[in-house]
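A closer look at the structure
The residues making up each chain are set out below.
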Amino acid sequence: MNFELNAEELAVIESAEQVAREVIQPLARHYDETETFCADSIKALGDLGCMGINLPETYGGLGIGSLAMSRVVEAVAGACASTASAMTAHFLATDSILLGGTEEQKQEWLPRAASGELLGAFALTEPAAGSNPADMRSRAVREDGGWRVRGSKHYITNAKEADFIVLYVKTDAEAGHKGISAFMVPRGTPGIDFSSPEKTMGLRGSTIYELALDCWLPASALLGVEGQGFNTAMAVLDRGRVEVAAMSLGIANAALQASLNWVRERQIGPKPLAAYQGTQWRLADMYAQLESARLLTMKAAARRDSGERFSLDSATAKLVAAECAGFVTDAALQLHGGYGYVRDLPLERYVRDARILRIFEGTSEVQKIIISRALLDACK
Ligand SMILES: Cc1cc2nc3c(=O)[nH]c(=O)nc-3n(C[C@H](O)[C@H](O)[C@H](O)COP(=O)(O)OP(=O)(O)OC[C@H]3O[C@@H](n4cnc5c(N)ncnc54)[C@H](O)[C@@H]3O)c2cc1C
């Protein structure tokens, strides 16, 4: 397995790390406390070309591989997890067009999305359909040469800020998951009501909304082929899980680095906290989990680029990395004692931001279902 990065990829990572450090990280606390969309951070990523790092150069992407992309996502998440969430939700939208759209649709939307001119959202989840999207109730019915769409979506990242939403609904109510199709919904489409942003535990600078749908879309809004929506969404989520794993590494690494600084400075009795063996063992556990998760993420990223099936790899990386971020951020807060609990330091934000990683883009339980199915299928 090749984990090497070329000079161009290293340069992109270096620029992204610099912007993460100098622009995004200083804004993170503001977005968290004001619970406002991380617009300036997303703009900075757009200016850098990083809103298209998931796309090939043909469609305006930077032409870097998934391994380099996951390093960029990690750097952004370490600085501000909300920004990483808004960015990766945009990738779910553009991946949907890349994998499911016609050539004309790719040309129409992707270059401007890659440049940061347009922001995307990915709308799959509904109140009654989260882990099992086939339960969705939103429908599109042919009407007046186009489609009448009725239903609702919830917890949709970027929905109100987005210039377009990739909307997954049923075009055949009787066909289960084979009846799901995707549609392009440009900003300003009449008949879509957005809720106020949901009040969330973490990722408070990455806004999520409920959408009430009663709108008409032209025939050209159908993304690619009718009935292919479920396959597209699952392939998109396979890719997205590598990005969630990378986000997990970013938050966990930020928490570990903060802890390494803290335990050397904090005096407990006659010596620094770092001198106690209990502290050293905790740090070693944090590091070991982080490095295991990192290797799995790198493996999934490399396999994503290889063209082979990588559902098993991305589910495993997402499961392990998300659980790792939970463990490492909690351990980091514990090492900081009361200083970790109050909001002067970002430790409590790391804990809050990391919690969603075990839930979105498939819960940890859903990843276990994907993993065990792949293992059992391989035995047939
Ligand atoms: C901050 C945030 C951002 C989000 N962004 C987006 C977005 O941009 N686009 C979008 O479409 N969605 C988005 N979501 C939705 C997210 O993907 C779902 O919340 C997630 O998939 C889980 O679905 P659910 O909430 O309906 O939980 P449920 O599916 O109701 O799950 C509840 C519990 O049941 C468990 N469970 C489910 N099935 C099984 C099973 N077969 N066996 C055992 N246990 C099971 C789950 O693991 C979980 O513990 C977002 C959610 C949040 C909170």
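The rules behind these values
Residues numbered from 1 in each chain as written. Predicted model: local features only at pLDDT ≥ 70, side-chain atom pairs only at ≥ 80, totals over all residues. Heavy atoms only, no water. UniProt positions renumbered as here; feature names shortened; annotations may be inferred. Helix = DSSP H or I, 4+ residues; strand = E, 2+ residues; numbered from the N terminus. Buried < 20%, exposed > 50% of the residue type's maximum accessible area, 1.4 Å probe, protein only. Contact = heavy atoms within 4.5 Å. Core = buried A, V, L, I, M, F, W, Y, C linked by side-chain atoms within 4.5 Å. Domains from an automatic or database assignment. Buried area = accessible area lost by both parts, 1.4 Å probe. Salt bridge = Lys/Arg side-chain N within 4 Å of Asp/Glu carboxyl O. Polar contact = N/O pair within 3.5 Å; in protein donor to acceptor, adjacent residues only side chain to side chain. Nonpolar A, V, L, I, M, F, W, Y, C, P; charged D, E, K, R; others polar. Near = heavy atom within 4 Å. Areas by Shrake-Rupley, 256 points an atom, 1.4 Å probe, with all protein chains shown as cover. 1 Å grid on protein atoms, 1.4 Å probe; cavity = no way out; pocket = protein on both sides within 12 Å on 5 of 7 lines; lining within 4 Å. Sits in = over half its atoms within 2 Å of the grid points. Pairing = 2+ DSSP bridges. Axes fitted to C-alpha atoms, helices over the stretch in contact; angles between N-to-C directions.

1. Regarding the UniProt feature "domain: Acyl-CoA dehydrogenase/oxidase C-terminal" (unreviewed entry) in the chain
Sites flagged by UniProt as "domain: Acyl-CoA dehydrogenase/oxidase C-terminal" (unreviewed entry) map to residues 227-376. Secondary structure content for residues 227-376 is 79% helix and 3% strand, while the C-alpha to C-alpha distance between its ends is 27 Å.

2. Section: helix α10 (residues 347-355)
Of all nine residues making up α10, seven are buried, and the element is well covered by its neighbours. Residues of α10 that are buried include every one of Leu-347, Glu-348, Arg-349, Tyr-350, Arg-352, Asp-353 and Ala-354, and no others. Buried-residue contacts for α10 involve α1 (7-34), α3 (66-79), α4 (81-100), α6 (229-265), α8 (311-336) and α9 (338-341).

3. Details of the nonpolar core
Counting 69 residues, the largest nonpolar core has Ile-42, Leu-45, Val-72, Met-87, Met-286 and Leu-357 as the members making the most contacts within it. Every element with two or more residues in this core is listed here: α1, α2 (39-47), α3, α4, α6, α7 (277-306), α8 and α10. Take this core: its biggest share by element is 13 residues, from α6. When residues of this core are assigned to domains, at least three fall in each of domain 1 (7-119) and domain 3 (230-378). In contact with Leu-45, not counting residues within four places along its chain, are Ile-24, Cys-50, Met-51, Val-76, Thr-83 and Met-87. Judged by nonpolar contacts, the second largest core, of 26 residues, contains Ala-93, Tyr-168, Ile-180 and Ala-233.

4. Notes on the domain arrangement of the chain
By domain assignment, the chain separates into domain 1 (7-119), domain 2 (121-226) and domain 3 (230-378). Centre-to-centre separation of domain 2 and domain 3, based on C-alpha positions: 30 Å. Tallying the contact residues gives 11 residues for domain 2 and 13 residues for domain 3. Both faces considered, domain 2 and domain 3 share a buried interface measuring about 1,100 Å² in area, 75% of it formed by carbon and sulfur atoms. Here domain 2 and domain 3 share zero salt bridges between them. On the surface where domain 2 and domain 3 come into contact, there are two residue pairs in polar contact (both at pLDDT 80 or more). Residues of the side of domain 2 that touches domain 3, tallied by class, amount to seven nonpolar, three polar and one charged.

5. Some details on the site of the ligand
Not every one of the 17 residues close to the ligand is listed here, only the nearest: Phe-122, Thr-125, Ser-131, Thr-363 and Glu-365. Phe-122 is positioned such that a nitrogen or oxygen atom in its backbone is 2.8 Å from a nitrogen atom of the ligand. Glu-365 has a polar side-chain atom sitting 2.7 Å from an oxygen atom of the ligand. Here the ligand loses 64% of its free accessible area of 980 Å² to cover by the protein chains. Taking a 2 Å distance to the grid points as the criterion, the majority of the atoms of the ligand fall inside the largest pocket.

6. Considerations on the pairing of strand β4 (residues 164-170)
Across the seven residues that make up β4, a large majority, seven, are buried. Residues Phe-164, Val-166, Tyr-168 and Lys-170 line one face of β4 and the alternating positions Ile-165, Leu-167 and Val-169 line the opposite face, and both faces are buried. Of the pairings in the sheet, the one linking strand β1 (residues 120-123) to β4 comprises four bridges and is parallel in character. Bridging across to β4, Ala-121 finds its partner in Ile-165. Looking at chain direction, β4 and strand β5 (residues 180-186) are connected through seven bridges and run antiparallel. Directly across from Val-169, in β5, lies its bridge partner Ser-181.

7. With respect to the environment of Glu-104
Assignment of secondary structure puts Glu-104 in helix α5 (residues 103-114). Taking C-alpha positions, Glu-104 is 9.6 Å from Gly-224, a pair spaced 120 residues apart along the chain.

8. Digging into the packing of α3 against α4
Running from N to C, α3 and α4 cross one another at 140°; their axes reach a closest spacing of 6 Å. Counted together, Val-73, Val-76, Ala-77 and Ala-79 of α3 and Ala-81, Thr-83, Ala-84, Met-87, Thr-88 and Phe-91 of α4 form the full contact between these two elements. Broken down by class, the residue content of the contact of α3 with α4 amounts to eight nonpolar, two polar and no charged.

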